[in-house]
Amino acid sequence: MRIKPFIIIGATLAGHLTALAETEFTDSIGLSEVVVTGSRNVTDIRHLPQTVTVVDHLKLTENQRTNVLPTLMEQVPGLMVTSRGMMGYGVSTGGSGGMMLRGISSGAGQVMVLIDGHPQYNGIFGHPIADAYPTMMTERVEVLRGPASMLYGSNAMGGVVNIVTRTSEADGSHGYVNLGAGSWGTLQGEAGYSLRHGKWRATASGQYVRSDNHRPNMGFEQYGGFAKVNYDITPHWNVFADASITHFNASYPGTTSAPMLDADQWITRGAIAIGIENHYRLTSGRLSIYDNFGRHKIDDGYNALTGSPQTRLFRSSDALLGISWYQSAVLWSGARLTVGFDYQNIYGHAYYTDRQNGNVLETPNKQSGEERNHELAGYVDLRQDLFTWLTAEAGVRYDHHTITGGEWIPQAGIVVRPLRSGELKLMASKGFRNPTMREMYLYPPSNTDLKPERMWSYELSWKHRIASGRLQYGINLFCIDADNIIQTVNRQNVNTGELNNKGIEFELQYRINSHWTLNTNHSWLDMRQPVLSAPKSKSHAGVTMSYGRWRANVGLTEVCGLYTAIGDNEHTEAFTLLNATVSYALCHPVTLWLKGDNLLAQRYEYIAGMPMPKATFMAGLNLEF
């Protein structure tokens, strides 16, 4: 079987469980064991019933990738990310960067991306924009695998990907520059600077990337920046403001059987947030105002063999303006109560313009083409340590949408700690997604009578740390039952679809010594109804080596049963990807690096008719000062 090498690797590593004597587990909590995504406030992951995977800045940057998504696909079991070329995901027809978590799709708006806890998605189409999540601004990423709608509302139906941005924790300043070039005319450049002085903390960074990619008419170019400022009013209160902007130009070449011309996209996305936070021993909270917005111009192109150029351009603008407040407090010994309030104003305007004179043309919308929806929600969550070995949690949210009405979203879970170094978790949670503006208003299938999609998830998991945490492993069993899925039937959007998925996830990390670290994760997914871009199994095994000035990382990823087409023309892909990166600290402050992707030169596709490149290479240098 194709997955056999990974089973052997996993079994070999797991064999150390019987060879290593369990030592007393320290009560000190490392960064990887503290998360904010599952509870809004800083929480020891060992007391949360949810499953959260943390990918830190070192792991995100060790392969010199300018976007966080490829690394997340390797490091998070059950997470699949589609791609179409060496660089750039694009949007619209032929776009990629869709995240599939346990068979639940971000492309359908069912998996939410957050930046510092603030939702990020297109207000009209409801999905994240994959090219808007650069590594340069990211301190770590926390991925909650399973419904998170109780805390984050609609679109967190299948889980959340929370990007925690960088900030300066130590006095002084730090700067960096990353430059690289490689196959298919690919260039990447990043620069950043952070400063902390007294009560002030500030971070700023900028990025430029471009690639011709491996097929004609597939160019990609992107530039953007990020800035964040914090000011400590008192030891317990601080205010913050952050902003990011990215613009990219992308071209869609069509499939190999139907090549396209002039299928171009000009996309600008931005996000801003301001807020105030408090941190006390027994209580903490935040009040923030945020806005995620975008402007898009798209030429749908034409068939290179039989078509003719478009006479119009699709244009849209959208904004997701929100207010978020929560406060968490210890009421009595072992009990923490969190209450919160969310408001969102979702705006979208879609229309066409004439390519020659720019005049606005009639738009096939059910209503005016400019719509605004509102969501208002409140939630309460209580977590109680009943004994030193037992924690229970329960919460409920009420969410009201101006079109679909109200929705109750409960969740509950328990954590049993039979060992100081191990936790058994049981979780039941509901997720939901309100219909998007596209589904309700845009194009002939639109339907304003749509209801929310709904899902229940049940999960049993075990995580264990051995030898003072040098070796840790976890296993998850889950079952998903979703209904009211929005589908187009007889040219009408209706709530008719169902999803019934169950699966197993396994992950293991072993820090052998200060020089060598091994990690592996595996996921198996059983789908009653096949889901496009969801694999039946995915496995990754990686090794990191660090000796003196040298650092190397090698990763092997196996994907089996990836659905690139469903229905009458059902088709699946299976492939193995070998990637490697080597870096050498030439002198302070210069580090040289070289990386290769798909070193086995595999032929494979994430999207039907869009083959991925064979082996590609990049080289560059990092400067730190």
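### Some remarks on the overall build of the protein
Inference 1: Helix and strand counts for the protein come out as six helices and 37 strands.
Inference 2: At 24 Å, the protein has a C-alpha radius of gyration in line with the 25 Å of a compact globule built from 625 residues.
Inference 3: For the protein, the spread of C-alpha atoms along the principal axes amounts to about 70 × 55 × 55 Å.
Inference 4: Scored against the burial criterion, the 625 residues of the protein give a buried share of 56%.
Inference 5: Taking as baseline every contact in the protein between residues at least 6 positions apart, the subset at least 24 positions apart corresponds to 62%.

### Some details on the packing of aromatic side chains
Inference 1: Within the structure shown, the criterion is met by twelve aromatic pairs.
Inference 2: Ring geometry for Phe125 versus Phe314: centroids 6.4 Å apart, planes at 70 degrees, classification edge-to-face. Taken together, the residues Phe125 in the loop between β8 (118-120) and β9 (138-145) and Phe314 in strand β20 (residues 312-332) connect sequence positions 189 residues apart.
Inference 3: Phe125 gets classed as partly exposed once you look at its relative accessible area, which sits at 22%.
Inference 4: With a centroid separation of 5.6 Å and an interplanar angle of 80 degrees, the aromatic rings of Tyr604 and Tyr606 are classed as edge-to-face.
Inference 5: Judged by relative accessible area, Tyr606 falls into the buried class, the value being 5%.
Inference 6: Here Arg102 stacks its cationic end above the ring of Phe478, 4.4 Å away from the centre of that ring.
Inference 7: Sitting above the plane of the Tyr352 ring, Arg312 keeps its charged end 3.8 Å from the centroid.

### Regarding the nonpolar core
Inference 1: In this structure, Leu72 and Tyr606 are the most contacted members of the largest nonpolar core, which totals 87 residues.
Inference 2: Examining the composition of this core, we find that five residues originate from one element, strand β28 (residues 471-488), more than from any other.
Inference 3: If we skip the residues at most four places from it in the chain, Leu72 touches Val55, Leu60, Leu79, Val141, Val143 and Val161.

### Details of the sheet that holds β8
Backbone-to-backbone hydrogen bonds join strands into a sheet, with any given pair of strands oriented parallel or antiparallel.
Inference 1: A sheet is described by the order of its strands in space; here five strands give the open sequence β3-β9-β10-β7-β8, paired in mixed fashion. Strands with a single pairing partner mark the edges of an open sheet, and in this sheet they are β3 (52-56) and β8. On average, each strand axis in the sheet is tilted by 25 degrees relative to the strand beside it, whichever way the strands run.
Inference 2: Two elements, β3 and β9, share five bridges in a ladder whose sense is antiparallel. The partner of Thr53 across the bridge, within β9, is Val143.

### Quick notes on the confidence of the model for the protein
Inference 1: Residues at a pLDDT of 70 or more form 94% of the protein, whose mean pLDDT is 92.
Inference 2: Here helix α2 (residues 16-19) stands out as the least confident element of the protein, with mean pLDDT 38; strand β34 (residues 590-597) is the most confident, with 98.
Inference 3: In the predicted structure, residues 3-32 sits below a pLDDT of 50 and forms 52 contacts with residues beyond four places in sequence or in another chain.

### Points about the pairing of strand β32 (residues 550-565)
A regular strand carries its side chains on alternate faces of the sheet.
Inference 1: Counting buried residues in β32 gives twelve out of 16 residues, a clear majority hidden from the surface.
Inference 2: Note that strand β31 (residues 537-547) and β32 share eleven bridges and pair antiparallel. In the strand pairing of β32, Gly542 is matched with Gly555.
Inference 3: Hairpin connection, β31 to β32: the antiparallel pair is bridged by two residues, and Gly548 has positive phi, about 55 degrees.
Inference 4: In this sheet, strand β33 (residues 571-587) lies alongside β32 in antiparallel orientation, the contact comprising 13 bridges. Each residue of the ladder has a partner; that of Arg551, found in β33, is Ser583.
Inference 5: Between β32 and β33, which follow one another and run antiparallel, lie five residues, and Gly567 among them has a positive phi close to 90 degrees.

### Describing the pattern of salt bridges
Inference 1: One pass over the structure, following the stated rule, counts 27 salt bridges.
Inference 2: The partner of Asp318 in a salt bridge is Arg269, and the shortest N-O contact between them spans 2.8 Å. With Asp318 in strand β20 and Arg269 in strand β17 (residues 264-279), this residue pair connects regions lying 49 residues apart in the sequence.
Inference 3: Among the residues examined, Asp318 registers a relative accessible area of 3% and is labelled buried.
Inference 4: Within this structure, Arg102, Arg145, Glu459, Glu505 and Glu507 form a network of salt bridges that share partners.

### Comments concerning the environment of Asn278
Inference 1: Here Asn278 lies in strand β17.
Inference 2: A C-alpha to C-alpha distance of 9.9 Å links Asn278 and Ile233, two positions 45 residues apart in sequence.
Inference 3: Within polar-contact distance, the side chain of Asn278 engages the side chain of Gln327 at 2.9 Å.

### Structural notes on the side chain of Gln384
Inference 1: As for its placement among the helices and strands, Gln384 is situated in strand β23 (residues 370-387).
Inference 2: According to the relative accessible area criterion, Gln384 is buried, its value standing at 15%.
Inference 3: Among the polar contacts made by the side chain of Gln384, one reaches the main-chain carbonyl oxygen of Ser333 at a distance of 3.4 Å.
Inference 4: Once residues within four sequence positions are removed from consideration, Gln384 is found in contact with Trp332, Ser333, Gly334, Ala335, Leu390, Thr391 and Ala392.

### Considerations on the sheet that holds strand β6 (residues 104-105)
Inference 1: Pairing in this open sheet of three strands is antiparallel, and the strands run β4-β5-β6 from one edge to the other. What marks the edges here is a single partner per strand, and that holds for β4 (79-81) and β6.

### Let's talk about unusual backbone geometry
Inference 1: The omega angle of the peptide bond from His588 to Pro589 is 15 degrees, so this bond is cis rather than trans.
Inference 2: Topologically, Pro589 is positioned in the loop between β33 and β34.
Inference 3: The backbone phi angle of Ser468 is positive, close to 55 degrees, even though this residue is not glycine.
Inference 4: Tracing the backbone through its elements, the reader meets Ser468 in the loop between β27 (453-466) and β28.
Inference 5: In this structure, Asn484 takes a positive phi of about 60 degrees despite not being glycine.
Inference 6: Among the secondary structure elements, Asn484 is positioned in strand β28.

Scoring rules and cut-offs
Residues numbered from 1 in each chain as written. Predicted model: local features only at pLDDT ≥ 70, side-chain atom pairs only at ≥ 80, totals over all residues. Heavy atoms only, no water. Helix = DSSP H or I, 4+ residues; strand = E, 2+ residues; numbered from the N terminus. Rg over C-alpha atoms; globule rule 2.2 N^0.38 Å. Buried < 20%, exposed > 50% of the residue type's maximum accessible area, 1.4 Å probe, protein only. Contact = heavy atoms within 4.5 Å. Phe/Tyr/Trp six-rings, centres within 6.5 Å; stacked < 30°, edge-to-face > 60°. Lys NZ or Arg CZ within 6 Å of the ring centre and 35° of its normal. Core = buried A, V, L, I, M, F, W, Y, C linked by side-chain atoms within 4.5 Å. Pairing = 2+ DSSP bridges. Axes fitted to C-alpha atoms, helices over the stretch in contact; angles between N-to-C directions. pLDDT = per-residue confidence, 0-100. Salt bridge = Lys/Arg side-chain N within 4 Å of Asp/Glu carboxyl O. Polar contact = N/O pair within 3.5 Å; in protein donor to acceptor, adjacent residues only side chain to side chain.

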